[in-house]
Amino acid sequence: MKLLRVGPAGAERPALLDEDGTLRDLSGVVPDIDPELLADPAALDRVRAAAAAGKLPAAAADTRPEGPRIGPPLGRIGKIVCIGLNFHDHARETGAPVPEEPIVFMKAPDTVVGPHDPVLIPRGSRKTDWEVELAVVVGRTARYLETDRAALGCVAGYAVGNDVSERAFQLERGGQWDKGKNCETFNPLGPWLVTADEVPDPQALAMRLWVNGTLRQDGSTADQIFPVAEVLRHLSHFMTLHPGDIVSTGTPAGVAMGMPEPKPYLRDGDVVELEIAGLGRQRQVMTSA
C-alpha cells in the first residue's frame, strides 16, 4: 500500500493512493497514519480490505490548482536515527575512509515537513546541502536483533527522505553533527509510506536528485556500505527502535560538499527535486528563513 497524509500542516488526514492513482480517504477507517496503526496488523488489514473492496471514497477535491497539500506520510514520529557516510561513492567523494561501523546521529522529529513544502535556508548559512536518502519506517519493536530476517521483519515501510544539511554548522562550528542537521524544515519526507510488502529488496532502489533541473545524485541503495538489515540490527544493540521511529540510511555521491570549488551550495530560490524508484518524488523550493 501507498499510505499518505493530506491537508494543512497539523491537520492532515490519512489517505491511500490506489493502483489507478486515485487518492482515497482513509479517515473513516483509521484516525491517522501513525505509530499505533503501524503496530497493529489488524488495523492495517482493515485498510487493505477496504481498499480491495472498493469501499474507500475519493479524497475531497481541492480548489487549488496544484491540488491538495501532501504532508509527511507519518504522524507522531518517534525518533529519527540517521546513518552517515553509508555509500561507498559518497565516502570517496568526501575523502573520508569507509567506516568500520555505522556512523550514527539523530534528527529531531520537528525537522520533518511534507515532500513539497518549502525548505528554509538558515540565517547565516553558507553551505546548505542536499541528500536524497532511503527512510526506513519501523513498525515493530526492535531490540537486540540477531538476524537480517528479524531486522527486515521490523520494517513497516519505506519513504523518500531529504537529509538537508548545513555543512558549516555541521563541521566547522565544533561539537557534534547535530547543529548542521536539525535546522527547521531540514527533513522533507514522503510523499508516501510504501509498505514493506511492496519493496521486496531495499538494496535495489535507484535514487536521484536534481538541483534547478541539473542531475546531481544518481545512485542506488546497492552501493550502501551497511545494508538496511545490517543497519537495523546494529542499532538495536545500542537503542530500542519502536513503531513510528525512522532510520535514514545515507546518501549516494553527488552532494555539494563533494564537488570542486566553487561548491554549488543551495541558495534562496533554488529548486530541489528527488526520487527513489517506487517510493515517489519530492520537490522543494529553497526559501530564506
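Conventions adopted
Residues numbered from 1 in each chain as written. Predicted model: local features only at pLDDT ≥ 70, side-chain atom pairs only at ≥ 80, totals over all residues. Heavy atoms only, no water. Helix = DSSP H or I, 4+ residues; strand = E, 2+ residues; numbered from the N terminus. Rg over C-alpha atoms; globule rule 2.2 N^0.38 Å. Buried < 20%, exposed > 50% of the residue type's maximum accessible area, 1.4 Å probe, protein only. Areas by Shrake-Rupley, 256 points an atom, 1.4 Å probe, with all protein chains shown as cover. Lys, Arg positive; Asp, Glu negative; His and termini not counted. Charge placed at Lys NZ, Arg CZ, Asp CG, Glu CD. Expected span 1.5 Å × (residues − 1). Arc of directions from axis to C-beta. Contact = heavy atoms within 4.5 Å. Polar contact = N/O pair within 3.5 Å; in protein donor to acceptor, adjacent residues only side chain to side chain. Core = buried A, V, L, I, M, F, W, Y, C linked by side-chain atoms within 4.5 Å. Phe/Tyr/Trp six-rings, centres within 6.5 Å; stacked < 30°, edge-to-face > 60°. Lys NZ or Arg CZ within 6 Å of the ring centre and 35° of its normal. Pairing = 2+ DSSP bridges. Axes fitted to C-alpha atoms, helices over the stretch in contact; angles between N-to-C directions.

Novice: Explain the overall build of the protein chain to me, using residue names and the numbers behind them.
Specialist: The helix and strand inventory of the protein chain stands at six helices and 18 strands. Its C-alpha atoms give the protein chain a radius of gyration of 18 Å, near enough to 19 Å, the size a compact globule of 289 residues would have. Seen along its three principal axes, the alpha-carbon backbone of the protein chain occupies a region of about 55 × 50 × 30 Å. Every one of the 289 residues in the protein chain was classed for burial, and the buried ones make up 55%. Surface exposure of the protein chain reaches about 12,600 Å², of which carbon and sulfur atoms provide 52%. Side-chain charges of the protein chain comprise 30 positive and 40 negative groups, with the mean position of each set lying 2 Å from the other.

Novice: Summarise helix H2 (residues 41–52); cite the residues concerned and give the values.
Specialist: Across its 12 residues, H2 extends 16 Å between first and last C-alpha, which sits within 8% of the 16 Å expected from 1.5 Å per residue. Within the span of H2, buried status applies to Ala43, Leu44, Val47 and Ala50. All buried residues of H2 project into a common sector of 125 degrees when viewed along the axis, lining one side. Exposed and facing more than 90 degrees away from the buried side of H2 are Pro41 and Ala52. Buried residues belonging to H2 abut strand E1 (2–6), strand E2 (13–17) and helix H1 (35–38). The opening residue of H2 is Asp40, an N-cap whose side-chain oxygen sits 3.1 Å from the backbone nitrogen of Ala42. At the C-terminal side of H2, Gly54 shows a positive phi close to 70 degrees.

Novice: Pulling in residues and values, what's your account of the nonpolar core?
Specialist: Of all hydrophobic cores here, the largest spans 53 residues; its most connected members are Val247 and Leu279. Setting aside chain neighbours within four positions, we find Leu279 in contact with Leu134, Tyr158, Ala159, Val160, Pro191, Trp192, Val194, Val199 and Leu205. Counting residues in each nonpolar core, the second largest holds 26 residues, with Met1, Leu44, Val47 and Ala50 among its members.

Novice: Give me the lowdown on the side chain of Asp18, citing residues and values where you can.
Specialist: If you trace the backbone, Asp18 turns up in the loop between E2 and strand E3 (23–25). Looking at Asp18, the relative accessible area reads 17%, which means it is buried. One polar contact links the side chain of Asp18 to the main-chain amide nitrogen of Asp20, over a distance of 2.9 Å. At a separation of 2.8 Å, a polar atom in the side chain of Asp18 contacts the main-chain amide nitrogen of Thr22.

Novice: Quick rundown of the packing of aromatic side chains? Include the residues and the values.
Specialist: One pass over the structure, following the stated rule, counts one aromatic pair. Its end group placed over the ring of Trp192, Lys2 keeps NZ or CZ at 5.6 Å from the ring centre. Geometry around Trp210 places Arg281 over its ring, the cationic atom sitting 4.5 Å from the centre.

Novice: Which residues make up helix H6 (residues 228–235), and what values do they have?
Specialist: Of all the eight residues making up H6, six are buried; the element is thus mostly covered by neighbouring parts of the structure. Buried within H6 we find Val228, Ala229, Val231, Leu232, His234 and Leu235. Buried residues belonging to H6 abut strand E4 (80–84), strand E5 (103–107), strand E9 (132–138), helix H4 (148–152), strand E10 (155–162) and strand E16 (246–248).

Novice: For the sheet that holds strand E18 (residues 280–288), give the residues involved together with the corresponding values.
Specialist: In sheet architecture, strand pairing relies on hydrogen bonds along the backbone and comes in two forms, parallel and antiparallel. Reading across the sheet, the five strands line up as E7-E18-E17-E14-E15 and stay open at both edges, with mixed pairing between neighbours. The open sheet terminates on both sides in strands that have one partner only, identified here as strand E7 (119–121) and strand E15 (214–220). Between one strand and the next, the sheet's axes are offset by a mean angle of 20 degrees, whatever the strand orientation. As paired strands, strand E14 (residues 206–211) and E15 are joined by six bridges and run antiparallel to one another.

No statement about biological role is implied by the geometric values presented.
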